[in-house]
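Below are the chains, spelled out letter by letter.
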Amino acid sequence: MNVLGISGSLRATSAARMALERALAGAESAGAQVRLLDLRELDLPLYDEDEARYTPVQRAAVARLRKAASAAGAFIIASPEYHGGMSGVIKNAIDHLAGRHFRGKAAGIVAVAGGRVAPVSTALMLRAVLRQLGAYTIPQQVLLPEAEKLFDGAGNLADAELAQRLADLGAEVVRLARALAHSS
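Because the structure is a prediction, the values reported are computed rather than measured.

**Student:** Hey, could you run me through the overall build of the protein in this one?
**Tutor:** On a plain count of helices and strands, the protein comes out with 7 helices and 7 strands. The order of α-helices and β-strands along the protein, N terminus first, is β-α-β-α-α-β-β-α-α-β-α-β-β-α. A compact globule built from 184 residues would reach a C-alpha radius of gyration of about 16 Å, and the protein, at 15 Å, matches this within 12%. Its C-alpha atoms give the protein principal-axis dimensions of roughly 45 × 40 × 25 Å. A burial count over the protein gives 47% of its 184 residues as buried. When contacts within the protein are restricted to residue pairs at least 6 apart in sequence, long-range pairs at least 24 apart make up 76% of them. Of the accessible surface of the protein, which amounts to about 9,000 Å², a share of 52% is contributed by carbon and sulfur atoms. The distance from the centre of the 21 positive side-chain charges to the centre of the 18 negative ones in the protein is 5 Å.

**Student:** What is the right way to look at helix 1 (residues 15–29) in this model?
**Tutor:** Turn by turn, an α-helix covers 3.6 residues, leaving residues three or four places apart pointing in a common direction. The terminal C-alpha atoms of helix 1, which comprises 15 residues, lie 21 Å apart, in line with the 21 Å expected from a rise of 1.5 Å per residue. For helix 1, the N-terminal capping position is held by Ser 14, with its side-chain oxygen 3.2 Å away from the main-chain nitrogen of Ala 16. Gly 31 sits one or two positions beyond helix 1 and adopts a positive phi of about 100°.

**Student:** Which parts of the structure should I look at to understand the packing of helix 1 against helix 7 (residues 160–183)?
**Tutor:** For any two helices packed against each other, the geometry comes down to the angle between their axes and how far apart the axes lie. Relative orientation of the contacting elements helix 1 and helix 7 amounts to 50°, with a least axis distance of 6 Å. Classed by the angle they form, the pair helix 1 and helix 7 counts as oblique. When you trace helix 1 past helix 7, the crossing you get is right-handed. Here Ala 19, Arg 22, Ala 23, Gly 26 and Ala 27 of helix 1 lie close against helix 7, whose contacting residues are Leu 166, Ala 167, Leu 169, Gly 170, Ala 171 and Val 174.

**Student:** Any chance you could explain the side chain of Arg 17 here in plain terms?
**Tutor:** Residue placement: Arg 17 occurs in helix 1. There is a polar contact of 3.1 Å between the side chain of Arg 17 and the backbone oxygen of Ser 9.

**Student:** What am I meant to see in the environment of Asp 43 here?
**Tutor:** Along the chain, Asp 43 falls in the loop between helix 2 (39–42) and helix 3 (56–71). Residue classification places Asp 43 among the exposed positions, given a relative accessible area of 60%. As a C-alpha pair, Asp 43 and Val 62 span 19 residues in sequence and 9.0 Å in three-dimensional space.

**Student:** Can you help me understand unusual backbone geometry in this one?
**Tutor:** Backbone phi values are negative for most residues with the exception of glycine, while trans is the configuration of most peptide bonds. A positive phi angle, close to 55°, is found at Asp 43, a residue other than glycine. Although it is not a glycine, Glu 146 sits at a positive phi angle of roughly 45°. Inspection of the secondary structure assignment puts Glu 146 in the loop between strand 7 (142–144) and helix 7. For Glu 146, a relative accessible area of 24% puts it in the partly exposed group.

**Student:** How should the pairing of strand 2 (residues 33–37) be read in this particular structure?
**Tutor:** Both faces of the sheet carry side chains from a regular strand, because those side chains alternate between them. Two strands pair when backbone bridges link them, and strand 1 (residues 2–7) and strand 2 are joined in this way by 5 bridges, in the parallel orientation. Within strand 2, the position partnered with Gly 5 by the bridge is Leu 36. With helix 1 bridging strand 1 and the parallel strand 2, this β-α-β connection has right-handed handedness.

**Student:** When you look at the packing of aromatic side chains in this model, what are you seeing that I'm missing?
**Tutor:** Any pair of aromatic rings gets described here by the distance separating the centres and the angle formed by the planes. One pass over the structure, following the stated rule, counts 1 aromatic pair. The interplanar angle of 35° and the centroid separation of 4.5 Å between the aromatic rings of Phe 75 and Phe 102 together place this pair among those described as tilted. Placement of the pair is Phe 75 in strand 3 (residues 74–82) and Phe 102 in helix 5 (residues 99–102), with a sequence separation of 27 residues. For Phe 75, a relative accessible area of 0% puts it in the buried group.

The rules we used
Residues numbered from 1 in each chain as written. Predicted model: local features only at pLDDT ≥ 70, side-chain atom pairs only at ≥ 80, totals over all residues. Heavy atoms only, no water. Helix = DSSP H or I, 4+ residues; strand = E, 2+ residues; numbered from the N terminus. Rg over C-alpha atoms; globule rule 2.2 N^0.38 Å. Buried < 20%, exposed > 50% of the residue type's maximum accessible area, 1.4 Å probe, protein only. Contact = heavy atoms within 4.5 Å. Areas by Shrake-Rupley, 256 points an atom, 1.4 Å probe, with all protein chains shown as cover. Lys, Arg positive; Asp, Glu negative; His and termini not counted. Charge placed at Lys NZ, Arg CZ, Asp CG, Glu CD. Expected span 1.5 Å × (residues − 1). Polar contact = N/O pair within 3.5 Å; in protein donor to acceptor, adjacent residues only side chain to side chain. Axes fitted to C-alpha atoms, helices over the stretch in contact; angles between N-to-C directions. Parallel < 35°, antiparallel > 145°, perpendicular 65-115°, else oblique. Left-handed = near helix turned anticlockwise from the far one by under 90°. Pairing = 2+ DSSP bridges. Right-handed = clockwise from strand over helix to strand, strands pointing away. Phe/Tyr/Trp six-rings, centres within 6.5 Å; stacked < 30°, edge-to-face > 60°.

Pasting the structure below:
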């Protein structure tokens, strides 16, 4: 079982990425092979149906994204909340994909916010987009308000309960992915 993690942040010290790493560790502990796809390294172009307009470097970045998504048996998507919604970075990455990349696969959602309000809108939007693409999102999600305060400079998460919730999310994605694979 391959689980692909995609973080919707380009920041070097991204709370979304750090939370995603903990969720992926939970998936790995459950027996999955995991991969974190760093959108900072891909440098995807803005989605355009006319892909002929992309440069060769941009076409290669899109091909890497699509190859990783095709190889994934499940996904964990993490996004910061910007202005009440998912980041444009994660939406753009998802727009480069299609239903065939998600259909019938398990997915988990992690959303982070800088402020005190939990990023519920981001999680709901991600859930709606993933459902439209045919993914099965697990019922639980992890929402992290004031996320920057949760991680130290080395990326460690001091809150053991929260760390366990992230690990549990990763493990649950693997359980659902296995059940889906077994049922088909």
